[in-house]
Amino acid sequence: KNEVEQSPQNLTAQEGEFITINCSYSVGISALHWLQQHPGGGIVSLFMLSSGKKKHGRLIATINIQEKHSSLHITASHPRDSAVYICAVTAYSGAGSYQLTFGKGTKLSVIP
Amino acid sequence: DAGITQSPRHKVTETGTPVTLRCHQTENHRYMYWYRQDPGHGLRLIHYSYGVKDTDKGEVSDGYSVSRSKTEDFLLTLESATSSQTSVYFCAISLGSGNTIYFGEGSWLTVV
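Residues numbered from 1 in each chain as written. Chains lettered and ligands numbered in written order. Predicted model: local features only at pLDDT ≥ 70, side-chain atom pairs only at ≥ 80, totals over all residues. Heavy atoms only, no water.

Caption draft 1: Representation of the interface of chain B and chain A within the structure. In this complex, chain B contributes 22 residues to the contact, which on the side of chain A involves 23 residues. Contact between chain B and chain A buries roughly 1800 Å² in total, counting both sides, with carbon and sulfur atoms accounting for 61%. The tally of links from chain B across to chain A stands at zero salt bridges. Inspection of the chain B/chain A interface yields one residue pair in polar contact (both at pLDDT 80 or more). Every element with two or more residues in the side of chain B that touches chain A is listed here: β4 (31-38), β5 (42-51) and β10 (101-103) of chain B. With five residues, the single largest contributor to the side of chain B that touches chain A is β5(B). (Contact = heavy atoms within 4.5 Å. Buried area = accessible area lost by both parts, 1.4 Å probe. Salt bridge = Lys/Arg side-chain N within 4 Å of Asp/Glu carboxyl O. Polar contact = N/O pair within 3.5 Å; in protein donor to acceptor, adjacent residues only side chain to side chain. Helix = DSSP H or I, 4+ residues; strand = E, 2+ residues; numbered from the N terminus.)

Here is the structure:
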């Protein structure tokens, strides 16, 4: 069973700060996902990675397959970035199927 | 937005009654998942499906059953609801292991 660990669990930042959220996992994966969940809201996929780096606006996601580690960076943070960020990994579970395993999330609060 | 809808969105039910949650997709995605989200636990897999009539258990499947008789619908049934099943339930869909995950908006279930 894959174990997914995120750090930190909670993060408070001043508006404009550069933010990093980390994710590590225990076994080989086929893909890693970064998700965003606003309070009381649904869950939105930000990135899906299997190697390297992806960028979308102020968000950057990187993955190091050898080290089983991924980071989500937010540049020039803004109060609207306040949300829970969730790391999830997809791994083969046998019988031709794949399973998602989730981290417990990082709660980010950006203060004006 | 992916065409995925959950119903009902909110439900209050009594202990011992059966409850069925429905997840409906219009995307023809092969994989469908049911998760529950609870404070301190994050998202936990209940059951998933990798095709019509192909389902498997997740890490918290006790007390739940599922059915998928057609591609677009994945039903989650609580045969006899208990207070410990009070939670937010999310359905998710995906084309496969290396594809983006799309989540429904969630179903808030309260068992009294």
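Having seen the model, we can carry on.
Caption draft 2: Summary view of the pairing of strand β5 (residues 43-49) of chain A. All names here are of chain A. Sheet topology places strand β4 (residues 31-37) next to β5; six bridges connect them, and they run antiparallel. Across the sheet, Leu-35 pairs through a bridge with Ser-45, a residue of β5. What sits between β4 and β5 in their antiparallel hairpin is a turn of five residues, with Gly-40 showing a positive phi close to 70°. (Pairing = 2+ DSSP bridges.)

Caption draft 3: Broad picture of the pattern of salt bridges. All names here are of chain B. In this structure the tally under the stated criterion is six salt bridges over all chains. The shortest N-O distance in the salt bridge between Asp-38 and Arg-36 comes to 2.8 Å. Across the salt bridge formed by Asp-38 and Arg-44, the nearest N and O atoms sit 2.9 Å from each other. Taken together, the salt bridges that share partners define one network made up of Arg-22, Lys-70 and Asp-73.

Caption draft 4: Looking closely at the packing of aromatic side chains. All names here are of chain B. Summed over the entire model, instances satisfying the criterion amount to eight aromatic pairs over all chains. When the centroid spacing of 5.8 Å and the interplanar angle of 25° are considered together, the rings of Tyr-33 and Tyr-35 count as stacked. Given a relative accessible area of 2%, Tyr-33 falls into the buried group. For Tyr-35, a relative accessible area of 0% corresponds to the buried category. A centroid spacing of 6.4 Å and a plane angle of 40° characterise the contact between Tyr-35 and Phe-103, whose relative ring orientation is tilted. A residue pair is termed long-range when its members are at least 10 positions apart, and Tyr-35 in strand β4 and Phe-103 in strand β10 qualify at 68 residues. When its relative accessible area of 9% is taken as the criterion, Phe-103 is described as buried. (Phe/Tyr/Trp six-rings, centres within 6.5 Å; stacked < 30°, edge-to-face > 60°. Buried < 20%, exposed > 50% of the residue type's maximum accessible area, 1.4 Å probe, protein only.)

Caption draft 5: Region of interest: the layout of surface pockets. Counted as a void, the largest pocket has a volume near 580 Å³. Forming the boundary of the largest pocket are 28 residues, of which A:Gln37, A:Val84, B:Gln37, B:Asp38 and B:Pro39 lie nearest the centre. Broken down by element, the lining of the largest pocket gets its largest block of residues, four residues, from strand β11 (residues 106-111) of chain A. Here the lining of the largest pocket is composed, by residue class, of ten nonpolar, 15 polar and three charged. (1 Å grid on protein atoms, 1.4 Å probe; cavity = no way out; pocket = protein on both sides within 12 Å on 5 of 7 lines; lining within 4 Å. Points joined across faces, edges and corners; volume = space filled by probe spheres on them. Nonpolar A, V, L, I, M, F, W, Y, C, P; charged D, E, K, R; others polar.)

Caption draft 6: Fine view of the nonpolar core. By size, the foremost hydrophobic cluster in this structure holds 22 residues, and its most contacted members are A:Ile19, A:Tyr25, A:Leu32, A:Trp34, A:Leu72 and A:Tyr85. Listed by contribution, the elements that provide at least two residues to this core are β3 (19-25), β4, β5, β7 (59-64), β8 (69-74), β9 (83-94) and β11 of chain A. Once you skip the residues sitting within four places of it in the chain, A:Tyr25 turns out to touch A:Asn2, A:Glu3, A:Val4, A:Leu32, A:Ile63, A:Asn64, A:Ile65, A:Lys68, A:His69 and A:Val89. Counting residues in hydrophobic clusters, the runner-up holds 19 residues, among them B:Leu21, B:Cys23, B:Val66 and B:Leu78. (Core = buried A, V, L, I, M, F, W, Y, C linked by side-chain atoms within 4.5 Å.)

Caption draft 7: The side chain of A:Thr106, seen in detail. Residue and element names in this part refer to chain A. Tracing the backbone shows Thr-106 in strand β11. For Thr-106, a relative accessible area of 0% translates into the label buried. Here the side chain of Thr-106 touches Gln-6 through a polar contact of 3.2 Å, side chain to side chain. Those residues in contact with Thr-106, other than ones at most four positions away along the chain, are Gln-6, Ser-7, Pro-8, Gln-9, Leu-11, Ile-21, Ala-83, Val-84 and Tyr-85.

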